[in-house]
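Results of the structural survey
Residues per chain are reported as follows:
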Amino acid sequence: MVSARILAALAITALVQALPLQPKGAVQSGPGFTAIQPGSYFVEFYGEPAGSNCDREHAAFAEQTRMAGLVVNTRNSFKRLFNGVAIDLPDTGCLEQIASLPMVKRTWPMQMRTRS
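Attention in this report is confined to the structure presented alongside it. (Residues numbered from 1 in each chain as written. Predicted model: local features only at pLDDT ≥ 70, side-chain atom pairs only at ≥ 80, totals over all residues. Heavy atoms only, no water.)

Section: the nonpolar core
We count it as follows: Nine residue types can take part in a nonpolar core, namely buried Ala, Val, Leu, Ile, Met, Phe, Trp, Tyr and Cys, and a core is a set of them joined through side-chain atoms within 4.5 Å. For each residue, the accessible area found with a 1.4 Å probe, counting protein chains only, is set against the maximum for its type, and the residue is called buried under 20%, exposed over 50%, and partly exposed in between. The numbering of helices and of strands both runs from the N terminus, where a helix is a DSSP run of H or I of at least 4 residues and a strand a run of E of at least 2.
Judged by nonpolar contacts, the single largest core of 15 residues is most densely connected at V43, F61, I87, L89 and I98. Taken together, the elements giving at least two residues each to this core come down to strand 2 (34-45), strand 4 (84-88) and helix 3 (95-99). For this core, the element with the highest residue contribution is strand 2, accounting for 3 residues.

Encoded structure:
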């Protein structure tokens, strides 16, 4: 049986490959292989994908960021293979606050693959 972590890794890989190849304002993080989109992040929640708590975690994340006065633009919401969101932050200084929210397992910058 395929574990949820393997499915999540596959889902993230598919997402990264499906996103625009050369985003405006991207910063090269390697010799032409990967570009980091400034201010764009994946946020993973603790609950299992497709679990009973997914909707509650997503709603709690939106509510807690709003109550904290954080400006968070949600690009996509994921619940089946990966429990989390893709977000844009106009103020990247608030990433630490987002990472400290109780439902947040981890955050990482959105990376775009380039074709050679």
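Moving on, there is more to tell.
Examining the pattern of salt bridges
Here is the rule: The term salt bridge refers to a pairing of a side-chain nitrogen on Lys or Arg with a carboxyl oxygen on Asp or Glu at a separation within 4 Å.
Using the criterion set out here, one finds 5 salt bridges in the structure. Note that K105 and E44 form a salt bridge whose closest N and O atoms lie 3.9 Å from each other. Highlighted residues: K105 in strand 5 (residues 104-113) and E44 in strand 2, separated in sequence by 61 residues. A relative accessible area of 12% places E44 in the buried class. Residues R66 and E63 are paired through a salt bridge, measuring 2.9 Å at the closest nitrogen-oxygen approach. Within this pair, R66 and its partner E63 are both found in helix 2 (residues 54-67), separated by 3 residues, close to a single helical turn. Of the residues examined, R66 reaches a relative accessible area of 52% and is grouped as exposed. For E63, a relative accessible area of 36% puts it in the partly exposed group. Salt bridges sharing common partners tie together E44, K105 and R106.

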